[in-house]
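Each chain, letter by letter, is given below.
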Amino acid sequence: MTLDRLTASRRAFLAAAAGLAAVSAGLPARAQKLQTKAHIVIIGAGAAGTALASRLVERLEGAQITVIDGRAEHLYQPGLSLVAAGLKPAAYTLSRTTDWLPRGVNLIAEPAAAIDPVAKTVATVGGQVLTYDFLVVAPGLVLDHDAIEGFSLDLVGRNGIGALYAGPDYASKTWEAASKFTQEGGIGLFTRPATEMKCAGAPLKHTFLIEDIASRTVGKGKYEMHYAVPQTALFSVPIVAEKVRMLFGKRGIASHFGHVLKSVDADRKQATFATTDAAGVTGTVEMPYDYLHVIPPQRAPDVIRQSGLSWADKWMDQGWVEVDQKTLRHRRFPEVFALGDVAGVPKGKTAASVKWQVPVVEDHLLAAISGGEGTLAYDGYTSCPLITRVGRAMLVEFDYNNNLVESFPGVIAPLEELWVSWLMKEVALKATYNAMLRGRA
Amino acid sequence: MQEMTLATLIAVFQEMFGPVLFWALVTTVVVITALYVYVLIRDRSLSMRRFLLAQLSMPIGAVAAVTFVEVVTDSHLRDIGGAIDVIVLLGVALLGAFGFAVLVYTAQSLVRRQPQKAG
Ligand SMILES: Cc1cc2nc3c(=O)[nH]c(=O)nc-3n(C[C@H](O)[C@H](O)[C@H](O)COP(=O)(O)OP(=O)(O)OC[C@H]3O[C@@H](n4cnc5c(N)ncnc54)[C@H](O)[C@@H]3O)c2cc1C
């Protein structure tokens, strides 16, 4: 009953008002299927790979579509932020990979081990070798926990250490450590990596949520909040960074720029950072904590980095795929596309970006099959409902040019802390994500 | 959001509740509305007594709807942050109020077969 209001945009409202006409206008968009014998291989059945597979099945007739992914569980990762604040159980983020894959797709349940873009083959860990006409790489990214000396995942949940990116179980263990901090107070230390990362808003969300809960549990004055990051601003989009700076000021959260987390001494509860100050002077600093949140460096999976598909002159320590930022097509191997977190584009490591990227790759792939050129372009759309309290969030949507892109212009203000934006994150986001996996959103 | 057609909205709602519950909810709404229309036609007038009780029950529906949304979403009235929040909150309350009033009216009419003409 209330929920249609939550998701209703002006466009949606007009569509609803237009009634059945809109339904019929929405459905036969998938008119004629394209006949082809092409073999399309998709590496990764996460948000991007699954959404694309679902749409290709609807658009192609006779194609052979193979999805390669060794992981049996599908993770709804935006839910991890809620799990790590005690708002949802770990199971909220878990489903099975096969729940989402459409009929007509062949799943090889093993990781891809090697890609040869010249011979156009993919080898799996189990030794199968597939030849492709088109390859879509969507294996997400890997979390490099080993890069932080003294840290290992078995520390999560103990000694005041949290690491919510590491998965559903670690996210609930993170809440065990964080909730102790919200009850007892002390020093909270929140970090993020120097590399590109998925959902750059997530470190902020965790900081805001834990501060909010602490303020209502142990109470103001009993805890300190420190946000220590390698960057020189709180967010890559200047207008958002300024807003967050003001919120940090109001909430008493101290920011420390130019701080790269290097090591953790769990027994002494000390974190060591390599620092670079505004004048470029480097050094090392040790910071004490009662609760430490670790987000490790993030990189493309080895199978990508060893395949020769990565950029040779950018992100050299990270290995993102060298694609055109508008078409997501490989710049050297035109039959290869990259989707999702692994794509080497300046923004866009969110599930919301995936939703915008998938139709673009679909368009260019289908055009390539029929010997033409696609027309759609990805503009860098990235979105992250930036939670600022339990019960409030800011809708933050932007593009390659750091422009704010508003989904609900004149209705939901982008940089305002709103209850509706929270409702979206809580109820509408997962549903939209699931609909996207099925190729229906 | 990119394209938002009614078809997308339906897809999203189905994911929210699961297809079974979603269509069950839609059916419930349709059935209650149909029954309401049915008793109106059957009785050929609005019974003012039943209407009064239905009106008196509106605040209950409003409070129930708001409480339901807040509990389901871990939020409180204190989280209302801007004009759109107030509008959505009122919308929730209104839907709850009217939905419940229609339900109360229809239930009374179905239980008591004999229509009571208002004076
Ligand atoms: C804490 C957190 C909060 C987030 N919050 C938001 C949010 O609020 N909004 C938002 O839009 N996004 C959010 N995201 C980001 C979002 O989850 C990702 O951007 C999205 O899942 C990317 O999709 P993907 O398909 O590229 O990668 P994934 O969904 O990670 O899927 C990658 C798949 O590839 C498979 N794979 C890996 N290696 C191989 C291999 N060698 N061979 C075969 N398969 C392989 C994996 O098993 C996996 O199934 C968040 C992420 C995190 C971690």
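Quick caveat: nothing in here was measured; it's all calculated off a predicted structure. (Residues numbered from 1 in each chain as written. Chains lettered and ligands numbered in written order. Predicted model: local features only at pLDDT ≥ 70, side-chain atom pairs only at ≥ 80, totals over all residues. Heavy atoms only, no water.)

**Q** Can you help me understand the overall build of chain B in this one?
**A** Counting its regular elements, chain B contains five helices and zero strands. Along chain B, helices and strands appear, N-terminal first, in the series α-α-α-α-α. The C-alpha atoms of chain B give 17 Å as radius of gyration, which overshoots the globular expectation for 119 residues (14 Å, by more than 25%). With respect to the three principal axes, the spread of C-alpha positions in chain B is 50 × 35 × 20 Å. By the burial criterion, 36% of the 119 residues in chain B qualify as buried. Counting contacts in chain B only where the partners sit at least 6 residues apart, residues at least 24 apart contribute 78% of the total. Here chain B has roughly 6800 Å² of accessible surface; of this, 76% comes from carbon and sulfur atoms. Distance between charge centres in chain B, computed from 8 positive and 7 negative side chains, equals 29 Å. (Helix = DSSP H or I, 4+ residues; strand = E, 2+ residues; numbered from the N terminus. Rg over C-alpha atoms; globule rule 2.2 N^0.38 Å. Buried < 20%, exposed > 50% of the residue type's maximum accessible area, 1.4 Å probe, protein only. Contact = heavy atoms within 4.5 Å. Areas by Shrake-Rupley, 256 points an atom, 1.4 Å probe, with all protein chains shown as cover. Lys, Arg positive; Asp, Glu negative; His and termini not counted. Charge placed at Lys NZ, Arg CZ, Asp CG, Glu CD.)

**Q** Could you clarify how one ought to interpret the pairing of strand 18 (residues 270–276) of chain A in this entry?
**A** Looking along a regular strand, one sees the side chains alternate between the two faces of the sheet. Residue and element names in this part refer to chain A. For strand 18, the buried fraction is high: five of the seven residues fall into the buried class. What sits between strand 17 (residues 259–265) and strand 18 in their antiparallel hairpin is a turn of four residues, with Lys269 showing a positive phi close to 55°. Summarising the sheet, strand 18 and strand 19 (residues 282–288) pair through seven bridges and their orientation is antiparallel. Bridge pairing in strand 19 links Gln270 to Pro288. As consecutive antiparallel partners, strand 18 and strand 19 are separated by five residues, and within that stretch Gly280 has a phi angle of approximately 90°, a positive value. (Pairing = 2+ DSSP bridges.)

**Q** Just to check I follow, could you spell out the environment of Asp379 of chain A for this structure?
**A** Residues and elements named next belong to chain A. Mapped onto the elements, Asp379 comes out in the loop between helix 11 (351–369) and strand 23 (382–389). The exposure class assigned to Asp379 is partly exposed, which follows from its relative accessible area of 32%. Each C-alpha atom, one on Asp379 and one on Ser353, is 9.6 Å from the other, the two residues being 26 residues apart in sequence. Those residues within four positions of Asp379 in sequence are excluded, and the remaining contacts are Trp356, Asp399 and Tyr400. Polar contacts involving the side chain of Asp379 include one to the main-chain amide nitrogen of Tyr381, which spans 2.9 Å. (Polar contact = N/O pair within 3.5 Å; in protein donor to acceptor, adjacent residues only side chain to side chain.)

**Q** Which parts of the structure should I look at to understand the domain arrangement of chain A?
**A** Where interface size is given, it is often the accessible area lost as the parts come together that is meant. Residues and elements named next belong to chain A. Structurally, chain A comprises domain 1 (3–141 + 300–378) and domain 2 (145–296). Placing the centre of domain 1 and that of domain 2 at their C-alpha centroids yields a distance of 31 Å. Domain 1 puts 22 residues into the contact, and the matching count from domain 2 is 22 residues. Summed over the three residues of domain 1 that lose the most area to domain 2, namely Leu80, Ser81 and Ala84, the buried surface amounts to 30% of that side. On the surface where domain 1 and domain 2 come into contact, there are zero salt bridges. Applying the counting criterion to the domain 1 and domain 2 interface returns four residue pairs in polar contact (both at pLDDT 80 or more). (Domains from an automatic or database assignment. Buried area = accessible area lost by both parts, 1.4 Å probe. Salt bridge = Lys/Arg side-chain N within 4 Å of Asp/Glu carboxyl O.)

**Q** Hey, could you run me through the pattern of salt bridges in this one?
**A** Opposite charge on two side chains permits them to pair, given that their charged atoms come into close proximity. Residue and element names in this part refer to chain A. Under the counting rule described, the total for this entry stands at 20 salt bridges over all chains. Note that Asp265 is salt-bridged to Arg268, the shortest N-O span being 3.0 Å. Judged by relative accessible area, which is 25%, Asp265 ranks as partly exposed. We classify Arg268 as partly exposed; its relative accessible area is 48%. A salt bridge links Glu322 to Arg332, with the shortest nitrogen-to-oxygen separation between them at 2.9 Å. Of this pair, Glu322 sits in the loop between helix 10 (302–305) and strand 22 (336–338) while Arg332 sits in the loop between helix 10 and strand 22; the two residues are 10 residues apart in sequence, bridging distant segments of the chain. Here Glu322 falls in the buried class, since its relative accessible area comes to 9%. Assessed through its relative accessible area of 40%, Arg332 is described here as partly exposed.

**Q** Looking at this structure, how should I read the UniProt feature "domain: FAD/NAD(P)-binding" (unreviewed entry) in chain A?
**A** UniProt marks residues 39–141 of chain A with the feature "domain: FAD/NAD(P)-binding" (unreviewed entry), using the numbering shown here. Within residues 39–141 of chain A, the helical portion is 20% and the strand portion 37%, while the C-alpha atoms at the span's ends are 25 Å from each other. (UniProt positions renumbered as here; feature names shortened; annotations may be inferred.)

**Q** Looking at this structure, I do not really get the site of the ligand. What am I missing?
**A** All names here are of chain A. In the vicinity of the ligand, 34 residues are found, and the nearest of them are Ala48, Asp69, Ala112, Asp341 and Ala352. The contact in question runs from an oxygen atom of the ligand to an N or O atom on the side chain of Arg71, over 3.4 Å. Within the contact set of the ligand, an oxygen atom lies 3.5 Å away from a backbone nitrogen or oxygen of Lys349. In isolation the ligand has 1000 Å² of accessible area, and contact with the protein removes 93% of it. Looking at the shell around the ligand, the elements with two or more residues in it are helix 4 (47–59), helix 5 (80–83), helix 11 and strand 23. Looking at the shell around the ligand, the element that brings in the most residues is helix 11, giving three residues. When its residues are assigned to classes, the shell around the ligand shows 19 nonpolar, eight polar and seven charged. Residue-level mapping places the shell around the ligand at the junction of two domains, with at least three residues from each of domain 1 (3–141 + 300–378) and domain 2 (145–296). (Near = heavy atom within 4 Å. Nonpolar A, V, L, I, M, F, W, Y, C, P; charged D, E, K, R; others polar.)

**Q** Quick question: what am I supposed to make of the sheet that holds strand 22 of chain A here?
**A** Backbone hydrogen bonds are what pair the strands of a sheet, in a parallel or an antiparallel way. Residue and element names in this part refer to chain A. The five strands lie next to each other as 7-4-2-11-22, forming an open sheet whose pairing is parallel. Each end of this open sheet is capped by a strand with a single partner; those strands are strand 7 (105–108) and strand 22. Direction aside, the axes of adjacent strands within the sheet are offset by 20° on average. Where strand 2 (residues 39–43) lies against strand 11 (residues 134–137), four bridges are found, and the strand directions are parallel. Residue pairing for strand 11: Ile40 is matched across the bridge by Phe134. Against the sheet, helix 4 makes contact with strand 2, strand 4 (64–68), strand 7 and strand 11, and its axis sits at roughly 160° relative to strand 2, the strand it touches most. (Axes fitted to C-alpha atoms, helices over the stretch in contact; angles between N-to-C directions.)

**Q** Got a minute to help me understand the pairing of strand 9 (residues 121–124) of chain A in this structure?
**A** Residues and elements named next belong to chain A. In terms of strand pairing, strand 8 (residues 112–116) meets strand 9 through four bridges, oriented antiparallel. Within the sheet, the bridge partner assigned to Asp116 lies in strand 9 and is Thr121. Sheet topology places strand 9 next to strand 10 (residues 129–131); three bridges connect them, and they run antiparallel. In the strand pairing of strand 10, Val122 is matched with Leu130.

**Q** Honestly, the packing of helix 8 (residues 202–219) of chain A against helix 9 (residues 238–251) of chain A in this entry has me stumped. Any pointers?
**A** Helices that pack against each other are described as a pair by the angle of their axes relative to one another and the distance between those axes. Residues and elements named next belong to chain A. Contact geometry of helix 8 with helix 9 gives a least axis separation of 12 Å together with a crossing angle of 20°. In terms of axis orientation, helix 8 runs roughly parallel to helix 9. Crossing angle aside, the handedness with which helix 8 passes helix 9 is left-handed. Here helix 8 contributes Leu204, Thr207, Phe208, Glu211 and Asp212 to the contact with helix 9, which in turn contributes Val244, Leu247, Phe248 and Arg251. Across the contact of helix 8 with helix 9, the residue classes break down as five nonpolar, one polar and three charged. (Parallel < 35°, antiparallel > 145°, perpendicular 65-115°, else oblique. Left-handed = near helix turned anticlockwise from the far one by under 90°.)

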